[in-house]
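Residue-level listing of the chains:
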Amino acid sequence: MADTKTVLLSGGNPQIPKGYGDAPVKAYIAAMPGWKSDVWKRLDRLIEQAVPGVAKAVKWNSPFYGPPGQGEEPTHWFLSVHCFERYIKVALFRGQSLKPVPPVASKSGDTRYFHIHEDDKIDEAAFADWVKQAAALPGEKM
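So, here is what we can say about the structure in this document. (Residues numbered from 1 in each chain as written. Predicted model: local features only at pLDDT ≥ 70, side-chain atom pairs only at ≥ 80, totals over all residues. Heavy atoms only, no water.)

Spatial ordering of the open sheet is given by β1-β2-β3-β5-β6-β8-β7, a layout of 7 strands whose pairing is antiparallel. Each having just a single partner strand, β1 (19-20) and β7 (104-105) make up the two edges of the open sheet. Looking at chain direction, β1 and strand β2 (residues 55-59) are connected through 2 bridges and run antiparallel. When the sheet's bridge partners are listed, G19 is paired in β2 with V58. Lying over the sheet, helix α2 (residues 35-50) contacts β2, β3 (62-66), β5 (79-83), β6 (87-92) and β8 (112-117), oriented at roughly 25° with respect to β6. (Pairing = 2+ DSSP bridges. Helix = DSSP H or I, 4+ residues; strand = E, 2+ residues; numbered from the N terminus. Contact = heavy atoms within 4.5 Å. Axes fitted to C-alpha atoms, helices over the stretch in contact; angles between N-to-C directions.)

The following block contains the structure:
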């Protein structure tokens, strides 16, 4: 259930202050509206299992995940998340290099998207495989 203190921006994306580490990402997850919070809480744990020591941050009101070992303020990222009214948008920044390639194209080069809708059944093994592959590639500098 969404945190009642957090403002939801247009489309239902939580407005969370920029921050590094697990705490701001957990705050974002807690503030995700409706079904999205439970779904992303599960996938956040999957990311942690797939990439031990994964770097996390909230930037531009979206969680970012990066390879471990970058210090307190990582600069390279392999995945980000954004809430929209009807779905969660997962951006895989080097997605064009993943096998299989995530289903939704982007206007920006290598990035591919994976959209999660309320009634979707998520293949968690395939998602974890994408995460492992993405974390092993050079991250996007942001």
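Now that the structure has been shown, the text picks up again.
Okay, helix α1 (residues 22-31) next. All buried positions along α1 are accounted for by P24, V25, Y28, I29 and A31. Where the residues of α1 are buried, they touch β1, α2, β2, β3 and β5. (Buried < 20%, exposed > 50% of the residue type's maximum accessible area, 1.4 Å probe, protein only.)

It is worth spelling out the environment of N61 at this point. When you line up the elements, N61 lands in the loop between β2 and β3. Relative accessible area serves as the criterion here: at 19%, N61 is assigned to the buried category. In this structure, the C-alpha to C-alpha distance between N61 and G109, residues 48 residues apart in sequence, is 22 Å. When neighbours within four sequence positions are excluded, N61 is seen to be in contact with L9, N13, P14, Q15, I16, Y28 and H82.

Time to look at the pattern of salt bridges. Applying the stated criterion to the full structure yields 9 salt bridges. Of the charged contacts in the structure, one is a salt bridge between D110 and R94, with a shortest N-O distance of 3.7 Å. Highlighted residues: D110 in the loop between β7 and β8 and R94 in the loop between β6 and β7, separated in sequence by 16 residues. One salt bridge connects R94 with E140, and the closest N-O pair in it is separated by 3.1 Å. One end of the pair, R94, is in the loop between β6 and β7; the other, E140, is in strand β9 (residues 140-141), and 46 residues separate them in sequence. For R94, a relative accessible area of 22% puts it in the partly exposed group. Through salt bridges with shared partners, one network takes in D22, K26, D44, E48 and K56. (Salt bridge = Lys/Arg side-chain N within 4 Å of Asp/Glu carboxyl O.)

Under the definition given, this model contains 8 aromatic pairs. Taken together, a centroid distance of 5.8 Å and an interplanar angle of 65° make the contact between W60 and F64 edge-to-face. Between F114 and W130 the ring centres are 5.4 Å apart and the planes differ by 70°, which places this aromatic pair in the edge-to-face class. Here the residue F114 occupies a position in strand β8, and W130 occupies one in helix α3 (residues 124-136), the gap between them amounting to 16 residues. (Phe/Tyr/Trp six-rings, centres within 6.5 Å; stacked < 30°, edge-to-face > 60°.)

Spatial relationships are all this shows, so hold off on functional conclusions.
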